[in-house]
Amino acid sequence: MKPCFVSPLIQTVGRELGIEVRLEPKYGYAGQLILPNGQKRYFRNNSFDINLLGASEIAKDKMYAASFLAKMNYPVPEGEEFFSDAWCETIASKREARAAYRYAQSIGFPVIIKPNNKSQGEGVFKVAGKIDFFRSVETITASDRVFLVQRIVEGDDFRFVVLDQEVLAAYQRIPLSVTGDGQSSILTLLKQKQKSFDRLKRFIRISFADNRITNQLKQLKLTLDSILGMGQIIQVLPIANLSLGGEAIDLSEKIHPDWKRLAIEITRAMGLRFCGLDFIIQGKIWAQPFSYVILELNPSPGLEHFASLGKKQRERVKIIYRKLLETFLEN
Ligand SMILES: Nc1ncnc2c1ncn2[C@@H]1O[C@H](COP(=O)(O)OP(=O)(O)O)[C@@H](O)[C@H]1O
Ligand SMILES: [Mg+2]
């Protein structure tokens with residue numbers, strides 16, 4: 001089993017702060033924190049006793065989060081929610097796959113389809129037409145009742161990590177990509193990429209049979225056997241999750257103070273203290289906020305892939321966890 005990334009860091013930081021950390025011994029993914037005053041706090045992997053339960057539940061529900069954000073005039077993706085056919089029967093709703101397809105037609109293909117409640121890019125599809133659409137809906141509704149159909153937001157993906165009044169990290173995320181060498185096939189390049197993830201201990205499994213990869217290549221008129229020219233870069237996935245092999249560019253020191261204020265304000269407005277905010281931005285984050293959309297809020301943001309960028313980023317992640325544990329010592 002993959003060792004937990006969070007637990008050893010929490011143990012180190014706990015020691016520094018005089019907090020006793022008792023890990024669940026069998027798997028090591030959960031822990032009890034015993035504060036100097038005897039009070040107990042808990043964590044499970046990326047989830048800490050920091051955010052209130054209601055706010056966390058809303059944040060994790062993409063549709064509810066977007067609804068409250070939009071009411072407060074924050075820009076969110078244009079989209080609607082639909083239900084699996086089975087759930088439609090149970091709740092007597094007409095918002096089933098066919099209604100979703102009609103909605104997709106009305107906003108125009110390609111569209112994004114995704115489960116309402118998952119993370120790490122699981123079940124997120126960019127679909128270009130009818131066959132793909134129904135196939136993707138079928139995949140999602142095999143395990144999810146609620147799915148979203150959204151218009152594609154153009155721009156770059158960014159993640160801001162906020163704790164109370166501070167933005168503790170900010171980075172751009174670029175979807176899994178390969179760079180040609182004039183002789184290797186895309187499949188070979190992806191296998192090399194896999195090896196580089198293994199060397200970096202990023203614990204990513206590129207699924208070479210993922211139809212999102214084949215579809216993306218098809219749109220570029222390529223296949224896994226195509227050979228890319230020297231230096232030619234192509235994105236092989238349409239989605240930027242680091243857990244799917246996306247690359248992060250650390251911009252924590254470059255981000256404009258107005259972006260920081262905005263990310264802090266949104267976190268607070270959504271009732272959260274600790275949050276990973278995902279934005280799609282048209283423009284630069286070292287300039288004042290211009291055009292952006294809030295894609296989603298993560299009340300339990302994973303920091304492992306960001307930490308794998310290098311020593312500086314690992315140190316930054318340690319500081320984030322130290323500040324997080326310090327909040328437990330506040331009163
Ligand atoms: N409406 C959209 N427009 C453009 N890209 C999107 C859209 N929705 C999702 N994506 C891409 O897919 C990724 C994953 O989607 P997201 O909604 O964040 O789900 P998850 O919770 O699985 O990360 C995003 O980081 C982004 O790259
Ligand atoms: Mg996401």
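Parameters at a glance
Residues numbered from 1 in each chain as written. Chains lettered and ligands numbered in written order. Predicted model: local features only at pLDDT ≥ 70, side-chain atom pairs only at ≥ 80, totals over all residues. Heavy atoms only, no water. 1 Å grid on protein atoms, 1.4 Å probe; cavity = no way out; pocket = protein on both sides within 12 Å on 5 of 7 lines; lining within 4 Å. Points joined across faces, edges and corners; volume = space filled by probe spheres on them. Helix = DSSP H or I, 4+ residues; strand = E, 2+ residues; numbered from the N terminus. Nonpolar A, V, L, I, M, F, W, Y, C, P; charged D, E, K, R; others polar. Domains from an automatic or database assignment. Salt bridge = Lys/Arg side-chain N within 4 Å of Asp/Glu carboxyl O. Buried < 20%, exposed > 50% of the residue type's maximum accessible area, 1.4 Å probe, protein only. Axes fitted to C-alpha atoms, helices over the stretch in contact; angles between N-to-C directions. Parallel < 35°, antiparallel > 145°, perpendicular 65-115°, else oblique. Left-handed = near helix turned anticlockwise from the far one by under 90°. Contact = heavy atoms within 4.5 Å.

Observations regarding empty space enclosed by the protein
So, step 1. Across all of its chains, the model carries 1 cavity of 30 Å³ or more by this definition.
So, step 2. Size it by volume and the largest cavity reaches roughly 120 Å³.
So, step 3. Every residue lining the largest cavity is counted, 13 residues in all, and those nearest its centre are Phe125, Lys126, Asp132, Asn211 and Asn215.
So, step 4. Elements represented by at least two residues in the lining of the largest cavity include exactly β7 (125–127), α6 (130–141) and α8 (211–219).
So, step 5. Per-element tally for the lining of the largest cavity: the top contributor is α8, with 5 residues.
So, step 6. Class assignment for the residues of the lining of the largest cavity results in 3 nonpolar, 6 polar and 4 charged.
So, step 7. Looking at the lining of the largest cavity, you find at least three residues from each of domain 2 (78–151) and domain 3 (176–237).

A few points about the pattern of salt bridges
So, step 1. Across all of its chains, the model carries 25 salt bridges by this definition.
So, step 2. Taking the shortest distance from any N to any O, the salt bridge between Arg95 and Glu80 comes out at 2.7 Å. Of the two residues, Arg95 is situated in the loop between α4 (85–91) and α5 (97–107) and Glu80 in strand β5 (residues 79–83); the sequence distance between them amounts to 15 residues.
So, step 3. The exposure class assigned to Glu80 is partly exposed, which follows from its relative accessible area of 30%.
So, step 4. Residue Arg95 is joined to Glu81 by a salt bridge in which the shortest nitrogen-to-oxygen separation is 3.9 Å. One end of the pair, Arg95, is in the loop between α4 and α5; the other, Glu81, is in strand β5, with 14 residues separating them in the sequence.

Looking at the packing of α5 against α6
So, step 1. Interaxial distance between α5 and α6 falls to 11 Å at its minimum, and their mutual angle equals 135°. Relative to α6, the element α5 is oriented oblique. The two elements α5 and α6 cross, and the hand of that crossing is right-handed. Taken together, the residues of α6 that come into contact with α5 (itself represented by Ala97, Arg98, Ala100, Tyr101 and Ala104) are Lys130, Phe133, Phe134 and Val137.
So, step 2. Tallied by class, the residues present in the contact of α5 with α6 amount to 7 nonpolar, no polar and 2 charged.

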